[in-house]
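Notes for the structure review
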Amino acid sequence: METQMTTCRHTFFPCDVPQYERCSICGTYHSLGALDPKEIYDKDYWSEKWGHGTIQDQNYNVEKHLENGVSKNEFVISLIWDRDRTAALEIACSPGSLLKRLHELDYLGVNGIEVDPAYEKEILEMAHYSNIGLEFGYFPEVTKGHEPGRNSLVLGLDIFEHAHDPEAFLAECHRLLKPNGQLLLMMPMVEISGRRNLPDRFFHPIEHVYIHSQDHILRLLLDHGFTAIKFDRWTAGHETVTARKL
């Protein structure tokens, strides 16, 4: 029996957010000014050139900065329910400190993906673990040679909004996960009714291709073979979703 697709195919119209259009059906925002990833994600990404600060600044943001009394990495760890601990893969793994925390959870394998090898030294230093597997390239293309079902956990923090092809991104996450494996994503997310108090800085058209609505994320995950979907939030603009591969 053919499965009926439920993912919104979008009807975009002009909106009041500069350089964005908005779907009248699901509320997702789409950038009209997104650059090709190869123009952005290079050795200068963690620098003042793009207004991101250094990779050391980023490490402070995920390890030391607190929201509601908890750091970003601590919050993410609290959402991991995977007990298999076969292997964990972090997409866009800079600065590397979450890889260290995953290793401390006794995963048999901990692997990270980053675009530019210029950050390999810094990532390994912050991971504090010489056997971390690092691979450099653009997801999902970079993992096409990986065997399916090799991971019990796949994470992507503040990366899904950058994806020009969200469906290909989720399809590859599903392929890389073993049955009952956990997907954990963090991203800025809106509700159909409005911005959900999302700060304007998250509408960053050069990099943030889609600001998805919660409804659209739910439908995407269901259509790509995920279940047990749960939404949460570290702070505004850092909403999370966890799901289990069927």
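Before any of the text, the structure's been laid out above.
If you're wondering where the values come from, they're calculated on a predicted model, not measured in any experiment.

**Description of the packing of helix α1 (residues 55-63) against helix α4 (residues 120-127)**
Contact pair α1 / α4: the axes reach a minimum separation of 11 Å and the direction vectors enclose 30°. Overall, the two elements α1 and α4 adopt an arrangement that is roughly parallel. In this structure, α1 meets α4 at a crossing whose hand is right-handed. Residue-level contacts link Ile55, Gln56 and Asn59 of α1 to Glu122, Ile123 and Met126 of α4. By residue class, the composition of the contact of α1 with α4 is three nonpolar, two polar and one charged.

**A look at the pairing of strand β9 (residues 151-157)**
Counting buried positions along β9 yields seven of seven residues, so the element is predominantly enclosed. The pairing of strand β6 (residues 87-91) with β9 spans four bridges and is parallel. Paired with Ile91 across the two strands is Gly156, which belongs to β9. Handedness of the β9-helix α5 (residues 166-176)-strand β10 (residues 177-187) crossover: right-handed.

**Some details on the side chain of Ser71**
With respect to the secondary-structure elements, Ser71 resides in strand β5 (residues 70-71). Taking the relative accessible area as the measure of exposure, Ser71 reaches 0% and is therefore buried. If we skip the residues at most four places from it in the chain, Ser71 touches Val62, Glu63, His65, Leu66, Arg101 and Trp234.

**A look at the sheet that holds β10**
Sheet architecture is open: seven strands sit in the order β8-β7-β6-β9-β10-β13-β12, paired in mixed fashion. Here the strands that pair on one side only, and so sit at the sheet edges, are β8 (133-136) and β12 (226-235). In this sheet, adjacent strand axes meet at a mean angle of 15° when their direction is disregarded. Across six bridges, β9 lies against β10 in parallel orientation. When the bridges of β10 are listed, Asn151 appears paired with Leu177. Across the sheet, α5 is in contact with β6, β9, β10, β12 and β13 (238-245); its angle to β10 comes to roughly 140°.

What counts as what
Residues numbered from 1 in each chain as written. Predicted model: local features only at pLDDT ≥ 70, side-chain atom pairs only at ≥ 80, totals over all residues. Heavy atoms only, no water. Axes fitted to C-alpha atoms, helices over the stretch in contact; angles between N-to-C directions. Helix = DSSP H or I, 4+ residues; strand = E, 2+ residues; numbered from the N terminus. Parallel < 35°, antiparallel > 145°, perpendicular 65-115°, else oblique. Left-handed = near helix turned anticlockwise from the far one by under 90°. Contact = heavy atoms within 4.5 Å. Nonpolar A, V, L, I, M, F, W, Y, C, P; charged D, E, K, R; others polar. Buried < 20%, exposed > 50% of the residue type's maximum accessible area, 1.4 Å probe, protein only. Pairing = 2+ DSSP bridges. Right-handed = clockwise from strand over helix to strand, strands pointing away.

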